[in-house]
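# Examination of the molecular architecture
Next come the chains, spelled out residue by residue.
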Amino acid sequence: MDDLIKSLDDNQLAAEIRQVAEQEKNQLVDFLCLLSEVNRRNLHLQKGYSSLFNYCRDQFNLSEGSIYRRIQVARSLEVFPFLIDYLRDGSLNLTTASLAVPYLRVESGETLILSLLGKSKRQVEQLLADGKKQTAKAMPSGAAGHIPCCQQDSDDHADNKVPLSPKERGLFKSVSSEEVELSLLGDPVIENLLNRARELLVPSCPDGAASDVLAIALQYWLDHHDPKRQKVDTLAEFQLNEISRYVPRKLKDKLLYKSGYQCTWVSPEGHRCEETWGLEIDHILPWSQGGRTREDNLQVLCRAHNQYKFFAEKNVSADKVAT
Ligand SMILES: [Zn+2]
């Protein structure tokens, strides 16, 4: 390939790279259309992913920013199909489209897009910010700042626009292999609590290091509240009332422990959902269909898969599921 490229004369090289760029642009639009359909069908849930973001990250090995922009635009194509034409003819690029999507409204979306064509990213950001200020001024008190827009990705975060996992949203910054830096912003109550704990912990922590005090406090709390540390207790016998839909706390803890604190949804291809947050207990055979509250009829699912299963059982359109 390298030799072939080197053999091209200047005009051929210019023509070739133009052609490849055109193909790349069309492939991107095709990808967005396909992703829109994946989202509409909630195919990512069936394939064992709790969100479209996790599906794209795993399947396509794209950067988080690239995934965000693609999802943002793909999810808007059903409501604003005119975006496809502007993206395909090159007058609108993915970055501009993803910036504009949160501001699009059904009645004025295309007018807004037309005003952004040919503008740089900075110009687009400025125009959108100016429009937001004007909208806020025109809104009644209390409603300012809320601009209706199309559906948002539940994984999205308003400021950095890149969905982050709970772990990535953490407060910790690695300083070395043995140390992390912890940043906290709190009110004076936290300061008072920390200082009082310091006083009481003088025998254990003579120098009163905040990290030591926090570690002791957290250890104490977790010893009393973390289900993982109570596994012996949670695996004990408990009273079951099969005629109640309510799942006893200890049974919940047992099911969570057995699941490894991870969603148990497995796709037909064998991919298990990796979600560990917002886990819920689901009746495998729904309660409404005679399913009882017994261990063998209960499973741990993330919220997205619990909803997906619920709507599938109700035979409701998959696009009702918000993930
Ligand atoms: Zn799941």
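This one's a predicted model, so the numbers in the text were calculated from it and none came from an experiment.

This part covers unusual backbone geometry. A positive phi angle is found at Asn61, which is not glycine, with a value near 55°. Structurally, the position occupied by Asn61 is in the loop between helix H4 (52-60) and helix H5 (64-74). Taking relative accessible area as the criterion, Asn61 reaches 71% and is therefore assigned exposed. The residue Tyr261 is not glycine, and still its phi comes out positive at about 55°.

It is worth spelling out the packing of helix H2 (residues 10-41) against H4 at this point. At a closest axis distance of 11 Å, the pairing of H2 and H4 adopts a crossing angle of 130°. By the criterion of interaxial angle, the relationship of H2 to H4 is oblique. The two elements H2 and H4 cross, and the hand of that crossing is right-handed. Residues Phe31, Leu35, Val38 and Asn39 of H2 lie in contact with H4, whose contacting residues are Leu52, Tyr55, Cys56 and Phe60. Residues belonging to the contact of H2 with H4 are distributed by class as follows: seven nonpolar, one polar and no charged.

What follows deals with the confidence of the model for the protein. Overall, the predicted model of the protein reaches an average pLDDT of 80, with 78% of residues at or above 70. A low-confidence stretch, residues 141-168 (pLDDT under 50), is modelled with 54 contacts involving residues beyond four sequence positions or located in other chains.

Attention shifts here to the packing of aromatic side chains. If you walk through the whole model with that rule in mind, you get seven aromatic pairs. Their ring planes at 65° and their centres at 5.9 Å tell us that Phe80 and Phe82 sit as a pair that is edge-to-face. Here Phe80 falls in the buried class, since its relative accessible area comes to 2%. Measuring from ring centre to ring centre gives 5.6 Å for Trp265 and Tyr308, while their planes differ by 75°; the resulting arrangement is edge-to-face. Pair noted here: Trp265 is in the loop between helix H13 (249-259) and strand E3 (279-283) and Tyr308 is in helix H14 (residues 303-314), with a separation of 43 residues, a long-range link. Taken individually, Trp265 and Tyr308 each receive the classification buried, so the pair is uniform in this respect. Every member of this aromatic cluster is reached through a ring pair, and the members are Phe31, Tyr49, Tyr55 and Phe60.

Looking now at the coordination of the zinc ion. Each protein donor to the zinc ion is listed here as Cys263 (SG), Cys273 (SG), Cys302 (SG) and His305 (ND1); together their distances run 2.1 to 2.4 Å. Each of the four donor atoms bound to the zinc ion contributes to angles spanning 100 to 120°, and the resulting shape is tetrahedral. When the donor residues of the zinc ion are listed from N- to C-terminus, their spacing reads C-x9-C-x28-C-x2-H. In this pair, Cys263 sits in the loop between H13 and E3 while Cys273 sits in the loop between H13 and E3, placing the two residues ten residues apart along the sequence. Cys273 matches Cys263 in its accessibility class, with the two residues each being buried.

In this section: the pairing of strand E4 (residues 298-302). Burial runs high along E4: five of the five residues are buried. Both faces of E4 are covered, namely the face carrying Leu298, Val300 and Cys302 and the face carrying Gln299 and Leu301. Relative to E4, E3 is paired through five bridges, and the arrangement is antiparallel. Residue Glu280 lies in a different strand from E4, and its bridge partner there is Leu301.

Reading guide: rules and limits
- Residues numbered from 1 in each chain as written.
- Predicted model: local features only at pLDDT ≥ 70, side-chain atom pairs only at ≥ 80, totals over all residues.
- Heavy atoms only, no water.
- Helix = DSSP H or I, 4+ residues; strand = E, 2+ residues; numbered from the N terminus.
- Buried < 20%, exposed > 50% of the residue type's maximum accessible area, 1.4 Å probe, protein only.
- Axes fitted to C-alpha atoms, helices over the stretch in contact; angles between N-to-C directions.
- Parallel < 35°, antiparallel > 145°, perpendicular 65-115°, else oblique.
- Left-handed = near helix turned anticlockwise from the far one by under 90°.
- Contact = heavy atoms within 4.5 Å.
- Nonpolar A, V, L, I, M, F, W, Y, C, P; charged D, E, K, R; others polar.
- pLDDT = per-residue confidence, 0-100.
- Phe/Tyr/Trp six-rings, centres within 6.5 Å; stacked < 30°, edge-to-face > 60°.
- Donors = N, O, S within 2.8 Å, 3.2 Å for Na, K, Ca; no water.
- Tetrahedral: all angles 85-135°; square planar, octahedral: opposite > 155°, others 65-115°.
- Pairing = 2+ DSSP bridges.

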